[in-house]
Amino acid sequence: MSRLAVKAIKIFEHIPYRMTAKFLSGVLKLFEPRKKIVDNNLLLAYPDSPPQWRKDIRSLMYENIAWTITELFELKKNPLQAFLWVKKVHNLDMANELIDSKRGVVFMSGHFGNWELMASWYAQYIKKRGHQMYVIAQPIHDKDISDYIDGLRNHCGVDLLSSLMSVQKYVKLLRQGYHISLLNDVAGTGKMIVPFMGHDATNMPGPAIMSLLSGVPIVPVCMYRNAPFEHELEFFEPIEPPSESLDREQRIRIVIDECNKAIEKFIRRRPELWFWLHNRWKG
């Protein structure tokens, strides 16, 4: 069944992009996947919001997802289009300084805007400057679909690392000066409870641990969609490892809290661009 699904998905690679976007948007808005989770998440994050506002945000979110998938199909035809679609980059000088310093960096973002385009743009950009970035990819349970998506990413210039690798291997790469990017806006499996969007949530400590063990900063980054094929990229101030005078758990909590605040900042700015389908606040 999964191989049939991949064959069906590949059809979209060969039809006009407007048809793809219109079809995907229509299907998402018709079936409204995870509608209850989306509505509960929006109500939790925006308790005073009117129902119509939440409905509008949900609709715009589905539209963003449809265009994100469509743009990825188009990007496969020519990955260099990423440089045409990203119209403006905020704080690029800071990113260039990090690249030129040869210091490792953990780039941290979320399922926001077109996160796949963001990875492709930066991976290609950093290679032009003689450096390399890896993206930590979470495998999907369906191997055929997971392999197809990873193949798309590779074709678009993104080098992948498995999320099943040991932290020590990530740390080694960071100490060697490589940049590693990951998405860090989903619920964690441990007991690290730190507020997110004003409510307690479990969190993934991986980025914080990688930063503390390697001594490199975490740089939040996000991609804003202004229109189809028109985006802005923003790099935020680095989150440096806190003082070693604190104990390990305190240091991890501080870093996670700073990461959550950074993600909150761009979600609050453009809530329709976040992937509200995640069960972020698991009870």
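How two aromatic rings sit relative to each other is set out by the distance from centre to centre and by the angle between their planes. The full count for this structure, using the stated rule, is 23 aromatic pairs. Between tyrosine 17 and tryptophan 67, the aromatic rings sit 6.2 Å apart at their centres with planes inclined by 55°, giving tilted as the arrangement. Note that tyrosine 17 is positioned in helix H2 (residues 17-31) and tryptophan 67 in helix H4 (residues 51-77), a separation of 50 residues in sequence. With relative accessibility at 25%, the residue tyrosine 17 sits in the partly exposed group.

Once that is clear, we can look at the side chain of aspartate 39. Mapped onto the fold, aspartate 39 is located in helix H3 (residues 35-45). A distance of 2.7 Å separates the side chain of aspartate 39 from the side chain of arginine 58, its partner in a polar contact. Residues in contact with aspartate 39, not counting those within four places in the same chain, are Arg54 and Arg58.

Turning our attention to empty space enclosed by the protein. For the coordinates displayed, the defined rule picks out one cavity of 30 Å³ or more. Considering only enclosed or pocket space, the largest cavity measures out at about 80 Å³ in volume. If you list the elements that add at least two residues to the lining of the largest cavity, you get strand E2 (105-109), helix H7 (115-128) and strand E9 (230-235). Broken down by element, the lining of the largest cavity gets its largest block of residues, three residues, from H7. Each residue belonging to the lining of the largest cavity can be placed in one class, and the counts come to eight nonpolar, two polar and no charged.

So, on to the pattern of salt bridges. Taken as a whole and judged by the stated rule, the model has 18 salt bridges. With a shortest N-O distance of 2.8 Å, glutamate 74 and lysine 77 are connected by a salt bridge. Taken together, the positions of glutamate 74 and lysine 77, both in helix H4 and three residues apart, correspond to about one turn of that helix. Owing to a relative accessible area of 11%, glutamate 74 belongs among the buried residues under this scheme. Residue glutamate 272 pairs with arginine 270 through a salt bridge whose shortest N-O separation is 2.6 Å. On the basis of relative accessibility, which here comes to 15%, the residue glutamate 272 falls in the buried class. Connected via shared salt-bridge partners are Glu32, Lys35, Asp39 and Arg58.

Attention now moves to the nonpolar core. Of all hydrophobic cores here, the largest spans 88 residues; its most connected members are Phe235, Ile267 and Trp276. Leave out the neighbours within four places in its chain, and phenylalanine 235 touches Val89, His90, Asn91, Leu92, Met94, Ala95, Phe107, Trp121, Tyr122, Val219, Pro220 and Val221.

The rules behind these values
Residues numbered from 1 in each chain as written. Predicted model: local features only at pLDDT ≥ 70, side-chain atom pairs only at ≥ 80, totals over all residues. Heavy atoms only, no water. Phe/Tyr/Trp six-rings, centres within 6.5 Å; stacked < 30°, edge-to-face > 60°. Helix = DSSP H or I, 4+ residues; strand = E, 2+ residues; numbered from the N terminus. Buried < 20%, exposed > 50% of the residue type's maximum accessible area, 1.4 Å probe, protein only. Polar contact = N/O pair within 3.5 Å; in protein donor to acceptor, adjacent residues only side chain to side chain. Contact = heavy atoms within 4.5 Å. 1 Å grid on protein atoms, 1.4 Å probe; cavity = no way out; pocket = protein on both sides within 12 Å on 5 of 7 lines; lining within 4 Å. Points joined across faces, edges and corners; volume = space filled by probe spheres on them. Nonpolar A, V, L, I, M, F, W, Y, C, P; charged D, E, K, R; others polar. Salt bridge = Lys/Arg side-chain N within 4 Å of Asp/Glu carboxyl O. Core = buried A, V, L, I, M, F, W, Y, C linked by side-chain atoms within 4.5 Å.

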